[in-house]
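Listed here are the chains, written in short residue letters.
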Amino acid sequence: MQQPEYMLGVDIGTTSTKAVLFTTQGQIVTHHAVEYPLLCTTPGMAEQDPLQIYEAVLSTIRNAVGASRVDPARIALVSFSAAMHSVIAVGDDGQLLSNSITWADNRAGAWANRIRDELDGHAIYLRTGTPIHPMSPLCKIMWLRHEQPELFARTARFVGMKEYVLYRLFGAWLVDHSIASATGMFNLQQLDWDQGALSMLGIGPAQLSALVPTTHHLSGLAPAVAQQLGLAPATPFVIGANDGVLSNLGVNAIGPGQVAVTIGTSGAMRTVIDTPKTDPAGRTFCYALTAKHWVVGGPTNNGGSIFRWVRDELATAEAGAATQAGTDAYEALTKIAEAVPAGAEGLLFHPYLAGERAPLWNADARGSYIGLAMHHGKEHMIRAALEGVIFSLYSILPAVEDLIGPTTRMMATGGFARSALWRQMMADIFEREVVVPESVESSCLGAAVLGLYALGKIDTLEAIGGMVGATHRHLPKPENVALYRRLWPIYAAIPKLLEQQYRQLSQFQRETAISDPG
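Residues numbered from 1 in each chain as written. Predicted model: local features only at pLDDT ≥ 70, side-chain atom pairs only at ≥ 80, totals over all residues. Heavy atoms only, no water.

Undergrad: Could you give me a rundown of the packing of helix 16 (residues 420–430) against helix 18 (residues 478–497), with the residues and numbers involved?
TA: For the pair helix 16 and helix 18, interaxial distance at closest approach is 8 Å and the crossing angle is 65°. In the packing of helix 16 onto helix 18, the handedness of the crossing is right-handed. Residue-level contacts link M425, D428 and I429 of helix 16 to N480, V481 and Y484 of helix 18. Grouping the constituent residues of the contact of helix 16 with helix 18 by class yields four nonpolar, one polar and one charged. (Axes fitted to C-alpha atoms, helices over the stretch in contact; angles between N-to-C directions. Helix = DSSP H or I, 4+ residues; strand = E, 2+ residues; numbered from the N terminus. Left-handed = near helix turned anticlockwise from the far one by under 90°. Contact = heavy atoms within 4.5 Å. Nonpolar A, V, L, I, M, F, W, Y, C, P; charged D, E, K, R; others polar.)

Here's what the structure looks like:
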């Protein structure tokens, strides 16, 4: 009898790296995760230590493989997912010259505005599919060139986090088309670095990694590294794609009109089309999955991070009591929110604590409670914050449907999908059935399945359909839908009315902020 094979999906995320070992039928065997901090010691800064993340990748692989007790020879592949938009400056011999500047870093905001308004940024977006925003490496490198010229001059290469990990493992600077398509420097039609974008930045292709398809694979781990990871030296490593597009694959939302909604630290709504397409109004992104699968959609800066802020800043007593009682703090806060009716009795929360991406693309946007009255308590503020995250995601839907037409099936994934309350909120606000797949680790599963496809072990990505089971289905509740329909126009109008005030407050905060001495 032929021995079963296994596949390892590794997701290098913003707050943690996860490694999940699957059977080739998609069942989870073992998983392991390692968290790491986000460094935010000055206003707008959001950096991470690349060495810390590299060690997290090694640790998660080692622990997931070790806990499985699977013969390393039966692990058919390792395939990667990674967060987008990171930039690391490295020297000639690969030495680190900077931390990893993450998508959440807003210090390039002024340069993003200048690129958009003065340097033909919209034309760059139309060619590259990445909206002009401080999240993008395009804007980050422009900021480094002008604000940190000494570092810029010493930099031999600008790379992302996954590129650095693969360089450490295999000694080659490579970037897949998917991560590259999220840089603002990759021409979607030519599948090459965009000369206009690079010329504006004053860099050449030699200062970026070599481009390869998402199906590209490497092998030949050094024996010492293979032993450290618990893998056979000949194990193929598939370069994979970015976490967003792989999440769509991992929940089997790759057919026409199918939408994946993810809420992790941040959030996103995405759908798959067969050729690259950008939005004349600049509201959506377009990223590569394969040559025949392109993902369009929009990201929101504010997802699970909002719930964490609520826990840490508004509900410390309740969270502390839950921890002392041995229960999950988030579950306790969810129960508090459940006691409040849909719509939080007229309290709205705009969750722009870290600015906002789609559809506003406004790094200066700021969070706010609107409608506070004497009858509102902390429980209303908790509920309104959770609803605000879903409203923010819902605001992306019109831009997506303007581009690709009506959407039908909605798959939900990410940490929020564990919450029945949030799942029901989504069904009610979107007025659609929401389906939650069996595995919430969709990016890891997507990476693993892409790996099977890359190595010719499956003929089509549609094979994912036999690996994704639905465990939760939520239908809209008419009484809640009616309330949200009344509130939605109010919610949507407020960010437009406050654009000038957002800009003024953001400027005030930058001028008066006190840096963290730590």
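Undergrad: Residue-level account of the side chain of T334, with values.
TA: By the element assignment, T334 lies in helix 13 (residues 329–338). If sequence neighbours within four positions are ignored, T334 has contacts with F307, S419 and L421.

Undergrad: Tell me what's going on with the environment of A447, and back it up with residues and numbers.
TA: Here A447 shows up in helix 17 (residues 442–454). Among the residues examined, A447 registers a relative accessible area of 0% and is labelled buried. Once the C-alpha coordinates of A447 and R485 are considered, the two residues, 38 residues apart in sequence, prove to be 37 Å apart. (Buried < 20%, exposed > 50% of the residue type's maximum accessible area, 1.4 Å probe, protein only.)

Undergrad: Break down the sheet that holds strand 5 (residues 75–82) for me, with residues and values.
TA: The strand order across the open sheet formed by six strands is 3-2-1-5-14-13, and the pairing between neighbours is mixed. Each having just a single partner strand, strand 3 (28–35) and strand 13 (217–218) make up the two edges of the open sheet. Judged from the two bridges that link them, strand 13 and strand 14 (residues 237–242) form a sheet pairing that is antiparallel. In the strand pairing of strand 14, H217 is matched with V238. (Pairing = 2+ DSSP bridges.)

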